[in-house]
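# Descriptive structure summary
Each chain, written out:
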Amino acid sequence: MTAGSPFDLLAPDYDKTFTNSTIGRILREAVWTEFESCFLPDQHILELGCGTGEDACFLARRGVRVLAVDHSLEMVAGPGGPVDHQPAVSTDADRFRSE
């Protein structure tokens, strides 16, 4: 069993307090403008630390194939998170440590 993430506690209100805040929307729009010039439909990307999946969903709506992962199962499995349509898996990053 893995330890929870500190973000698990923030997950229930994360989109309300950050993503949908004025500064959150301004930052997302700036990032998404860059994404549009960097990622093309049918490209495959891995997003580490996806949180509630806002960026992954933005890219997926544009045809980019995204594998989004986060240590906080609560962030990805929350209402509206990317797991609405995909299974959620949580594991400890130490399991991937290279020797």
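Our subject is the structure that appears above.
Now for a description of the structure that goes with this document. (Residues numbered from 1 in each chain as written. Predicted model: local features only at pLDDT ≥ 70, side-chain atom pairs only at ≥ 80, totals over all residues. Heavy atoms only, no water.)

### Description of the pairing of strand β1 (residues 44–48)
The line we're drawing: We call a residue buried when its accessible area falls under 20% of the maximum for its residue type, exposed when it is over 50%, and partly exposed in between, using a 1.4 Å probe and counting protein chains only. For helices the rule is a DSSP run of H or I covering at least 4 residues; for strands it is a run of E covering at least 2, with both sets numbered from the N terminus onward. Strands are labelled as partners when DSSP assigns at least two bridges between them. A clockwise path from the first strand over the helix to the second, with the strands pointing away from the viewer, defines a right-handed crossover.
What you see with β1 is a clean split: I45 and E47 sit on the buried side and H44, L46 and L48 on the side with no burial. Bridge analysis of β1 against strand β2 (residues 65–69) gives five bridges, and the strand direction is parallel. Across the sheet, the residue bridging to L48 is V69, located in β2. The handedness of the β1 to β2 crossover, carried by helix α3 (residues 54–61), is right-handed.

### Remarks on the nonpolar core
Rules: What is meant by a nonpolar core is a set of buried Ala, Val, Leu, Ile, Met, Phe, Trp, Tyr and Cys residues, joined one to another through side-chain atoms within 4.5 Å. Only heavy atoms matter for contacts: two residues are in contact if any of them lie within 4.5 Å across the pair.
With six residues, the main nonpolar core is built from W32, F35, I45, F58, L59 and V64. Of all elements in the fold, only α2 (22–38) and α3 reach the threshold of two or more residues within this core. V64 has contacts with F39, L40, P41, D42, Q43, I45 and L59, leaving out every residue within four places of it along the chain.

### Topic: the pattern of salt bridges
Our working rule: A side-chain nitrogen of Lys or Arg and a carboxyl oxygen of Asp or Glu constitute a salt bridge if their distance falls within 4 Å.
Going through the model one piece at a time under the given rule, you end up with four salt bridges. With a closest N to O distance of 3.6 Å, R62 and E36 form a salt bridge. Of the two residues, R62 is situated in the loop between α3 and β2 and E36 in helix α2; the sequence distance between them amounts to 26 residues. Residue classification places E36 among the partly exposed positions, given a relative accessible area of 47%.

### Notes on the packing of α2 against α3
For clarity, the threshold we go by: Helix axes are fitted only over the stretch in contact, all axes being lines through C-alpha atoms; the angle between N-to-C directions runs from 0 to 180 degrees. Oblique is the label for any angle not covered by the other classes, which are roughly parallel (under 35 degrees), roughly antiparallel (over 145) and roughly perpendicular (65 to 115). By convention the crossing between two helices is left-handed if the near helix lies anticlockwise of the far one by an angle smaller than a right angle, and right-handed if it lies clockwise. Any residue outside Ala, Val, Leu, Ile, Met, Phe, Trp, Tyr, Cys, Pro, Asp, Glu, Lys and Arg is labelled polar, Gly included; the first ten of those are nonpolar and the last four are charged.
In contact at an axis separation of 11 Å, α2 and α3 are set at 40° when each is read in the N-to-C sense. Between α2 and α3, the angle falls in the class oblique. The handedness of the crossing between α2 and α3 comes out as right-handed. Across the interface between the two elements, R25, R28, W32, F35 and E36 from α2 touch E54, D55, F58 and L59 from α3. Within the contact of α2 with α3, the residues separate by chemical class into four nonpolar, no polar and five charged.

Everything listed here is a matter of coordinates, which is why it stays silent on function.
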